[in-house]
Amino acid sequence: QAQLVETGGGLVQAGGSLRLSCAASGRSFSSHAMGWFRQAPGKEREFVAGISWRGDSMYYTDSVKGRFTISRDHAKNTVFLQMNSLKPEDTGVYYCAADLRPRSAVATTPQNYDFWGQGTQVTVSS
């Protein structure tokens, strides 16, 4: 069965970096746009970054622009999120998700994504 598995989370000091990976198994997501979301305790999921199915278009929420980079490796069926200059407000559970519907632009709302991973915890200390 198809799965998305996020890895790479952990505890890091403010200003540090983490690289998250989202590995797909059971099927290929090469033809689907992928997104990263995060959720802090007591809060709703927030869009972080998305990438088109071709990997030629990326979109970021304003709070992470210039610090985070989303990329994908079709051969490895994996999506990455490089996070630099981390801030305490970046803390949360990070989820990757697949948008199964063909779109002309990267979607930014959780409702537009159909398949989700289990999440990986990112904690940034001050």
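A brief report on the enclosed structure follows. Because the structure is a prediction, the values reported are computed rather than measured. (Residues numbered from 1 in each chain as written. Predicted model: local features only at pLDDT ≥ 70, side-chain atom pairs only at ≥ 80, totals over all residues. Heavy atoms only, no water.)

Considerations on the nonpolar core
Counting 25 residues, the largest nonpolar core has Trp36, Leu81, Met83 and Tyr94 as its most contacted members. Those elements giving two or more residues to this core turn out to be β3 (18-25), β4 (33-39), β5 (46-51), β7 (68-73), β8 (78-83), β9 (92-99) and β11 (120-125). In terms of residues, this core owes the most to one element, β3, which gives four residues. Counting residues in hydrophobic clusters, the runner-up holds six residues, among them Phe47, Ala97, Val106 and Ala107. (Core = buried A, V, L, I, M, F, W, Y, C linked by side-chain atoms within 4.5 Å. Buried < 20%, exposed > 50% of the residue type's maximum accessible area, 1.4 Å probe, protein only. Helix = DSSP H or I, 4+ residues; strand = E, 2+ residues; numbered from the N terminus.)

What about the packing of aromatic side chains?
Under the counting rule described, the total for this entry stands at seven aromatic pairs. Plain terms: the ring middles of phenylalanine 37 and tyrosine 113 are 5.1 Å apart, the flat faces sit at 80° to each other, and that makes the pair edge-to-face. With phenylalanine 37 in strand β4 and tyrosine 113 in the loop between β9 and β10 (115-116), the pair connects residues that are 76 residues apart, well separated along the chain. For the pair formed by phenylalanine 37 and tyrosine 113, the shared burial category is buried. Ring pairing ties together the aromatic residues Phe37, Phe47, Tyr59, Tyr95, Tyr113 and Trp116, which thus form one cluster. The cationic tip of arginine 45 hangs over the ring face of tryptophan 116; the distance from NZ or CZ to the ring centre is 4.4 Å. (Phe/Tyr/Trp six-rings, centres within 6.5 Å; stacked < 30°, edge-to-face > 60°. Lys NZ or Arg CZ within 6 Å of the ring centre and 35° of its normal.)

Concerning empty space enclosed by the protein
Counting across every chain of the model gives one cavity of 30 Å³ or more. If you add up the space inside the largest cavity, you get close to 60 Å³. Taken together, Leu4, Cys22, Ala24, Phe29, Ser30, Met34, Arg72, Asp73, His74, Asn77, Thr78 and Val79 make up the full set of residues lining the largest cavity. Counting only elements with at least two residues in the lining of the largest cavity, the list comes to β3, β7 and β8. Looking at the lining of the largest cavity, its residues break down into six nonpolar, four polar and two charged. (1 Å grid on protein atoms, 1.4 Å probe; cavity = no way out; pocket = protein on both sides within 12 Å on 5 of 7 lines; lining within 4 Å. Points joined across faces, edges and corners; volume = space filled by probe spheres on them. Nonpolar A, V, L, I, M, F, W, Y, C, P; charged D, E, K, R; others polar.)

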